[in-house]
Amino acid sequence: MTRRMRLVLAALCALMIAPAVVAVIGRMPAFGHHPLPYGDAINRTTVAQRHVTNMVSAVNFDYRAFDTLGEELMLVAAVTGTLVLLRGRRGESLSDRAAQAGERPVCERSEAVTLACRLFFPIIVTFGIYVIMHAQLTPGGGFQGGAIIASGTLLLYLGESYRLWRRLVHSLLFDMMEATGAIVLVLCGLGPMLRGAAFLENVLPLGQTGALICGGIILVENAGVALAVTAGFILLLVEFLEETRATRDGGGS
Amino acid sequence: MIALLVPMFLLVAATGAGVVLAREPRRQALAIAVNGVALSLLFVALRAPDVAYSEIAVGTALVPLMFLSVLVSLKTDRPKS
């Protein structure tokens, strides 16, 4: 199909959709106004009901914890699928050993880069842990903190070497961490049922509003999400980078 | 508020166009990062700090880093001709 034909086709499609788009835009509520009562209700009642000050965490890890459970299991399934696909070709036995890059010379790191990475790695990881621990009080939480820690570990690769990064970021450890995260979430659901409460019901003591430990089950579930997300992203990074290196036995590309 | 939002929307549109128009993979990865910063600024202006956090952690840091580190490995892997 020529460029001209594509443009004509695109213009025709745009013309056909245009009336519907205009109609929808005309019916939309004014900017910043919404007819939904749910958010306002959460803002009104959550501090008293759950003793937490971050409403998003209260919704994610308590009121709609069922959705988060599904989401996390989906994430674990997606990461597992990717690992099976990528590791399958290399083989399980090689997964905890750094792959070789064949004839490629090792990139020399400049001292400035190494210094910057050594300085910033602990700061970024600490910040990630801070974000995870304050999920119930301030914006952030297990997902955001996990992503921060996972990207922070790349600094080890950037500043030191691939081999060292792979030795510290051990696949087996993060495999187990990933599974632990999923198990913690499922236990958050099943645990309350032992006491006769509903699946995922918040039965733990709520603590004092504004304290670091408050919100009951929100804390536990947040920790589970943090474990699963940190390990999941780190494993993805490991497998993607490993994929670009030839294995010691000469396989791979 | 609106005075702040209009330039934010324009910034997101401009950086989004930058992602589409960048053809070189390494530039694309950086364009995604810049677009992520613009988006998270917009989310902060719309008072959604949690979403802004996710956007900056995933869209600005993790995904471009993943792309860049893999691209670097691929680039240097190629035999010199």
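One structure accompanies this document, and this report is about it. Here the residue index of a chain counts from 1 through its sequence in written order. A letter from A marks each chain and a number from 1 marks each ligand, given out in the order of writing. Under the rules for a predicted model, residues below a pLDDT of 70 receive no local features and side-chain atom pairs below 80 are neither given nor counted, while totals for whole chains, interfaces and linings still include all residues.

**Digging into the nonpolar core**
Threshold: In this usage, the nonpolar core is the set of buried Ala, Val, Leu, Ile, Met, Phe, Trp, Tyr and Cys residues whose C-beta atoms join them within 7 Å. Neighbour density around each residue's C-beta defines its exposure: 20 or more other C-beta atoms within 10 Å make it buried, 12 or fewer make it exposed, and counts between make it partly exposed, where C-beta atoms are placed from the backbone. A run of H or I in DSSP becomes a helix once it reaches four residues, and a run of E becomes a strand once it reaches two; helices and strands are each numbered from the N terminus. Each residue is represented by a C-beta atom placed from its backbone, and any two residues with such atoms within 7 Å are regarded as in contact.
Judged by nonpolar contacts, the single largest core of 59 residues is most densely connected at Ala-147 and Ile-234 of chain A together with Ala-57 and Leu-62 of chain B. Ranked by residue count, the leading element in this core is helix α9 (residues 217–243) of chain A, at 16 residues. Excluding its chain neighbours within four sequence positions, the residues that come into contact with Ala-57 of chain B are Gln-144, Ala-147 and Ile-148 of chain A together with Leu-62 of chain B.

**With respect to the packing of helix α1 (residues 2–21) of chain B against helix α2 (residues 25–45) of chain B**
Residues and elements named next belong to chain B. Put simply, the test is: To obtain an axis, a line is fitted to C-alpha atoms, over the contacting stretch when the element is a helix, and the angle between two such axes runs from 0 to 180 degrees between their N-to-C directions. Throughout, the term roughly parallel applies to angles under 35 degrees, roughly antiparallel to angles over 145, roughly perpendicular to angles from 65 to 115, and oblique to all others. Left-handed describes a crossing whose near helix is turned anticlockwise from the far helix by less than a right angle; the clockwise case is right-handed. Gly falls in the polar group here, along with every residue not listed as nonpolar (Ala, Val, Leu, Ile, Met, Phe, Trp, Tyr, Cys, Pro) or charged (Asp, Glu, Lys, Arg).
Their axes nearest at 9 Å, the elements α1 and α2 cross at an angle of 165 degrees. Relative to α2, the element α1 lies roughly antiparallel. The handedness of the crossing between α1 and α2 is left-handed. Contacts between α1 and α2 pair Leu-4, Leu-5, Met-8, Phe-9, Leu-11, Val-12, Thr-15, Gly-16, Gly-18 and Val-19 from the former with Gln-28, Ala-31, Ile-32, Val-34, Asn-35, Ala-38, Leu-39, Leu-41, Leu-42 and Ala-45 from the latter. For the contact of α1 with α2, the class distribution of residues is 15 nonpolar, five polar and no charged.

**Topic: the interface of chain A and chain B**
Facing the 19 residues of chain A at the interface are 16 residues of chain B. At the level of elements, α6 (142–159) and α9 of chain A are the ones that each hand at least two residues to the side of chain A that touches chain B. For the side of chain A that touches chain B, the leading source of residues is α6 of chain A, giving eight residues. A class-by-class count of the residues in the side of chain A that touches chain B yields 13 nonpolar, four polar and two charged.

**A few points about the environment of Pro-29 of chain A**
All names here are of chain A. With respect to the helices and strands, the residue Pro-29 is situated in the loop between α1 (3–27) and α2 (38–50). With 117 residues separating them along the chain, Pro-29 and Gly-146 place their C-alpha atoms 36 Å apart. Contact partners of Pro-29, with chain neighbours within four places excluded, come to His-34 and Pro-35.

**Regarding the packing of helix α5 (residues 111–133) of chain A against α6 of chain A**
If you want to describe how two helices pack, look at the angle between their axes and the distance between the axes. Residue and element names in this part refer to chain A. Put simply, α5 and α6 touch, their axes get as near as 8 Å, and they point 165 degrees apart. When the interaxial angle is binned, α5 and α6 end up roughly antiparallel. Both α5 and α6 take part in a crossing whose hand is left-handed. Residues of the contact of α5 with α6, tallied by class, amount to 15 nonpolar, seven polar and one charged.

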